[in-house]
Amino acid sequence: MSSINDMTVGSPTRDILKFAVPLICGYVLQQMYLIIDAAMVGRFVSVNALAAVGASTSIMFLIMGFCNGACAGFAIPVAQAFGAKDLPLMRQYVGNALRLSAFIALLITVATCLLCTPILRMVNTPDEIFGDAYTFLILQFAAIPFTFSYNLLSCFMRALGNSKQPFYFLIFSSIVNILLDFLFIIIMRLGVEGVGVATMLSQAVSAWLCYKYIRRKMQMLIPNGEECRYDKGKAITLLNNGVPMGLQFSITAIGSIMLQSANNALGTVYVAAFTASMRVKYLFTCVFENIGVAMATYCGQNIGAHRLDRITLGIRSAIKIMLVYFLLTMLVIMPFSEEMMMMFVDAGEKAIIDNASLFMRIACCFYPVLGLLVILRYSIQGLGFSNLSMLSGVMEMIARCGVSLWLVPALGFLGVCYGDPVAWVAADVFLVPCIIVLMRRLRRRASER
């Protein structure tokens, strides 16, 4: 039973931290190798190559965000069934999720590879970096089946409270990725093509490790006999959770695409600054994101066990954890932003360093808003109301579109810097009253039973 973690008993703070810490460490490591990717390209290839890697960041967020969101949504009924101690039902959901995921991954891979050129034109990719941007993006699209496989299997493991093994697998695949970066970029001089191939191979390794572990240590997840059969009702339940969560990320990314398109039109210097700052931003914000991921599993298990009291306590505990982490980010980002940007470009690239540092400092001031957003959004998802969390993504999209259409033309790159903070505030305006009303409704239903 060491491979599972029942989050319906014990201290909520301890349960959340026990689940979130390995998850955070894994994603911090994952962001570190993305930073290393960008740093190697910027240092050993060229500034234009760095801009090419970053020119499609919002596109990858759109596509991979849908894949990751769908996988997380598919795992919610699994977590709820596990919390209710109904293991046959849990395995039926697993079997149907595997079928749906295989179809979705294949469909997305084919569509994105065919549309790669129009996509890059849509986001105003500068001509001088278009070739490298195309090479990098199509390799990322080709890796979608591996990415989908890893995310789905790791989400199944996390649904049972096991966040440690996905962390260990990320460690190994990250090391593989970094070693391949050295081989392909520095030794073989493959440029952005080397970055794409290294990422693809490391994703394949992580997916294979998850598969082998479930086969050996978590057999309770493996469907048997009738549990393997396609069930229309179960498939609809999975899609009702997975599609809204996937669309939530994709809808959010539409605003990000418009923001990046507006930024790309400012020129290569600003594309490079945006790329560098976004790499570091994701390193810091992935902690908030994974506190939220922990809340999805925590709330999913506890709603399955009908423990509404623990859900409220868990949300409060997560907010306290988030605020402590925010103070740590302030102590690092505010004084050391320029030094962090010098990982990507030479000290002489002052325009890139100054703009990227400005982006980081402005975003950091709004991190508590982001932290509250992900805690509430993932909690609502874990409770089984993915449609409501998707609407918060709509609020983010509208806000980013507004920034792209009005602030960026008026303020230039300063407007780009305020794109994320404005979107985070807009989402919280929706989520805060939403969680209050939702919890009141759930308590009223519980009292009527």
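Structure: above.
Right, let's walk through the structure included here. Please read all numbers here as calculations on a predicted model, not as lab measurements.

**Examining the pattern of salt bridges**
Part 1 of the argument: On inspection of all chains with the given rule, the structure shows twelve salt bridges.
Part 2 of the argument: Here R229 ties to E226 by a salt bridge, and the two come within 3.1 Å at their closest N and O atoms. The same class applies to R229 as to E226, namely exposed.
Part 3 of the argument: In this structure, E396 and R400 form a salt bridge, with 3.2 Å as the shortest nitrogen-oxygen distance.

**Some thoughts on the packing of helix α4 (residues 87–114) against helix α7 (residues 144–159)**
Each pair of packed helices can be described by the angle between their axes along with the distance between the axes.
Part 1 of the argument: The geometry of α4 relative to α7 is characterised by a closest axis approach of 9 Å and an angle of 155 degrees between their N-to-C directions. With respect to α7, the axis of α4 lies roughly antiparallel. The handedness of the crossing between α4 and α7 is right-handed. For the pair α4 and α7, the contacting residues are V94, A97, L98, S101, I104, A105, I108, T109 and T112 in the first and I144, P145, F148, L152, L153 and F156 in the second.
Part 2 of the argument: Considering only residue class, the contact of α4 with α7 consists of twelve nonpolar, three polar and no charged.

**Concerning α7**
Part 1 of the argument: Taking 1.5 Å as the rise per residue, α7 with 16 residues should run 22 Å; its terminal C-alpha atoms sit 22 Å apart, in good agreement.
Part 2 of the argument: In terms of residue burial, α7 counts as a mostly covered element, since 13 of its 16 residues are buried.
Part 3 of the argument: Following α7 by one or two positions, G161 has its phi on the positive side, about 85 degrees.

**Overview of a positive patch on the surface**
Part 1 of the argument: Together, R316, K320, R440 and R443 make up a region of like positive charge exposed at the surface.
Part 2 of the argument: Within the residue set of the positive patch, elements represented by two or more residues are α12 (308–341) and α17 (419–448).
Part 3 of the argument: Structurally, R316 can be placed in helix α12.
Part 4 of the argument: A residue is classified by how much of its surface remains accessible, and R316, at 52% relative accessible area, is exposed.

Criteria and thresholds
- Residues numbered from 1 in each chain as written.
- Predicted model: local features only at pLDDT ≥ 70, side-chain atom pairs only at ≥ 80, totals over all residues.
- Heavy atoms only, no water.
- Salt bridge = Lys/Arg side-chain N within 4 Å of Asp/Glu carboxyl O.
- Buried < 20%, exposed > 50% of the residue type's maximum accessible area, 1.4 Å probe, protein only.
- Axes fitted to C-alpha atoms, helices over the stretch in contact; angles between N-to-C directions.
- Helix = DSSP H or I, 4+ residues; strand = E, 2+ residues; numbered from the N terminus.
- Parallel < 35°, antiparallel > 145°, perpendicular 65-115°, else oblique.
- Left-handed = near helix turned anticlockwise from the far one by under 90°.
- Contact = heavy atoms within 4.5 Å.
- Nonpolar A, V, L, I, M, F, W, Y, C, P; charged D, E, K, R; others polar.
- Expected span 1.5 Å × (residues − 1).
- Patch = residues over 30% accessible without salt bridge, like charges linked within 9 Å, V, L, I, M, F, W, Y side chains within 5 Å.
- Areas by Shrake-Rupley, 256 points an atom, 1.4 Å probe, with all protein chains shown as cover.
- Lys, Arg positive; Asp, Glu negative; His and termini not counted.
- Charge placed at Lys NZ, Arg CZ, Asp CG, Glu CD.

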